[in-house]
Amino acid sequence: MTEAPAFPPPAPRAMGPVNWLGLWELYLREVRRFIKVWQQTIAAPMVVSLLFLAIFALALGSSAQQTVGQVSFMEFLAPGLIMMGMVQNAFANTSSSLIISKIQGNIIDVLMPPLSPWELTLGFALGGMTRGMVVGVAIGVGMLPFVTLHIHNWGYILFHAVGASMILSLLGILAGVWSEKFDHMAGITNFIITPLSFLSGTFYSIDRLPDNFLFIAHLNPFFYMVDGFRYGFIGHEAALPETGLWVVALTNVVLMLTCHVLIRSGYRLKS
């Protein structure tokens with residue numbers, strides 16, 4: 001009997017410096033997570049933002065037509081509500097993805113593929129950023145029948161929309177890595193993310209704050225996200241627009257590096 005010819009084993013697949021296919025698949029996984037339940041992840045934030053708009057309109061009555069800068073209060077409020085919806089949902093996407101994977105024990109399915117810490121960080125962050133952007137567009141479209149959305153500078157709108165969504169997406173990664181149960185995540189959301197977003201000038205102009213509180217407000221990075229985004233719509237700013245650009249950009253760099261270090265170390269991800 002003749003022996004079957006021996007074939008050489010398949011050569012390992014060359015990935016190159018970046019595993020683009022793996023990064024793309026991780027990104028698609030994160031996007032499909034929120035698209036699959038769009039009623040909860042996209043429609044619900046839009047409805048909540050419209051409810052805020054209606055409550056302020058009804059509570060203020062004719063006072064809602066008072067001007068802030070050169071626009072009515074409702075036109076001033078609208079960009080803040082859009083930004084609040086964007087950042088809260090960008091944070092929710094990455095934080096929920098990681099904490100659910102850790103609790104269910106399937107985080108290994110993400111750590112095992114040949115993805116570097118940079119690729120893992122970027123894949124999760126881009127997924128959260130995408131959800132934030134989609135929610136922002138949905139809220140903006142939902143507001144159009146009720147509020148006039150001016151466009152002062154498209155560049156500032158896009159920069160702060162992308163930058164703010166990325167910041168909260170990265171914060172969601174940090175929260176998801178650190179948290180070991182849903183109570184930890186609820187604490188971060190209730191005592192850090194929600195207060196910072198509500199006290200960022202979303203519902204009011206910080207120019208009206210006393211000097212001491214005005215200084216504290218300028219220490220809140222969420223303020224620069226809202227202020228720069230609002231400036232892109234109505235041309236009204238409480239801080240120098242250039243300052244907001246630097247704060248958003250540098251915050252993203254610091255958070256990206258921090259997320260990379262934590263994921264590379266396996267902190268609370270690997271047993």
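Here is a short report on the structure shown in this document.

Cut-off values and rules
Residues numbered from 1 in each chain as written. Predicted model: local features only at pLDDT ≥ 70, side-chain atom pairs only at ≥ 80, totals over all residues. Heavy atoms only, no water. Helix = DSSP H or I, 4+ residues; strand = E, 2+ residues; numbered from the N terminus. Expected span 1.5 Å × (residues − 1). Buried < 20%, exposed > 50% of the residue type's maximum accessible area, 1.4 Å probe, protein only. Polar contact = N/O pair within 3.5 Å; in protein donor to acceptor, adjacent residues only side chain to side chain. Contact = heavy atoms within 4.5 Å. Axes fitted to C-alpha atoms, helices over the stretch in contact; angles between N-to-C directions. Parallel < 35°, antiparallel > 145°, perpendicular 65-115°, else oblique. Left-handed = near helix turned anticlockwise from the far one by under 90°. Patch = residues over 30% accessible without salt bridge, like charges linked within 9 Å, V, L, I, M, F, W, Y side chains within 5 Å. Areas by Shrake-Rupley, 256 points an atom, 1.4 Å probe, with all protein chains shown as cover. Salt bridge = Lys/Arg side-chain N within 4 Å of Asp/Glu carboxyl O. Phe/Tyr/Trp six-rings, centres within 6.5 Å; stacked < 30°, edge-to-face > 60°. Core = buried A, V, L, I, M, F, W, Y, C linked by side-chain atoms within 4.5 Å.

### Overview of helix α6 (residues 154-178)
For α6, which comprises 25 residues, the first-to-last C-alpha distance of 36 Å matches the rise-based estimate of 36 Å (1.5 Å per residue) to within 8%. Most of α6 is tucked away: 18 of the 25 residues are buried. The backbone nitrogen of G155 lies 2.9 Å from a side-chain oxygen of the residue at the head of α6, namely N153.

### Structural notes on the side chain of N220
With respect to the helices and strands, N220 occurs in the loop between α8 (211-217) and α9 (221-234). We classify N220 as buried; its relative accessible area is 6%. Separated by 2.9 Å, the side chain of N220 and the backbone nitrogen of F222 make a polar contact. Contact partners of N220, with chain neighbours within four places excluded, come to L196, L199 and S200.

### A short note on unusual backbone geometry
Positioned with a positive phi, R268 is a non-glycine residue whose angle comes to about 55 degrees. Examined against the element boundaries, R268 turns out to sit in the segment after α10 (241-265). Given a relative accessible area of 31%, R268 falls into the partly exposed group.

### Focus: helix α3 (residues 73-104)
The end-to-end C-alpha distance of α3, which contains 32 residues, comes to 46 Å, matching closely the 46 Å that a straight helix rising 1.5 Å per residue would cover. Burial runs high along α3: 26 of the 32 residues are buried. Among the residues trailing α3, G105 stands out with phi positive, at a value near 85 degrees.

### With respect to the packing of α9 against α10
Here α9 crosses α10 at 130 degrees, and the two axes come no closer than 9 Å. Comparing the axis directions of α9 and α10 gives the class oblique. As for the relative orientation of α9 and α10, their crossing is left-handed in sense. In this structure, α9 contributes P221, Y224, M225 and Y231 to the contact, and α10 contributes P241, T243, G244, V247 and V248.

### As for the packing of α3 against α9
Two elements in contact, α3 and α9, have axes whose closest approach is 9 Å; the angle formed by their N-to-C orientations is 135 degrees. Between α3 and α9, the crossing angle belongs to the class labelled oblique. Handedness of the α3/α9 crossing: right-handed. Contacts from E75, F76, L77, P79, G80, I82, M83, M86 and V87 of α3 reach α9 at M225, V226, F229, R230, F233 and I234.

### Considering a nonpolar patch on the surface
Where nonpolar side chains cluster on the molecular surface, the patch consists of F213, F215, I216 and L219 and spans about 480 Å² of accessible area. The residue F215 is located in helix α8 in this model.

### Overview of the packing of aromatic side chains
This model, assessed by the stated rule, comprises 10 aromatic pairs. Residues Y156 and Y231 carry aromatic rings whose centres are separated by 5.0 Å and whose planes lie at 75 degrees to one another, so their mutual orientation is edge-to-face. Taken as a pair, Y156 in helix α6 and Y231 in helix α9 lie far apart in primary sequence, 75 residues in all. Judged by relative accessible area, Y156 falls into the buried class, the value being 12%.

### A word on the pattern of salt bridges
Throughout the structure, instances matching the rule amount to three salt bridges. Here E180 and R268 are joined by a salt bridge, their closest N and O atoms 3.7 Å apart. Taken together, the positions of E180 in the loop between α6 and α7 (182-198) and R268 in the segment after α10 put the pair 88 residues apart, joining distant regions of the chain. On the accessibility criterion, E180 (48% relative accessible area) is partly exposed. Counted as one network, the salt bridges with shared partners bring together R29, E30 and R33.

### Some thoughts on the nonpolar core
Core analysis: the biggest nonpolar cluster contains 59 residues, and L168, L170, I173, M225 and F229 have the highest contact counts within it. Among the secondary structure elements, those contributing two or more residues to this core are α3, α4 (108-111), α5 (117-143), α6, α7, α9 and α10. Looking at this core element by element, the count peaks at 15 residues for α3. Judged by nonpolar contacts, the second largest core, of six residues, contains Y27, L28, F34 and A138.

Honestly, it's all geometry; don't read function into it.
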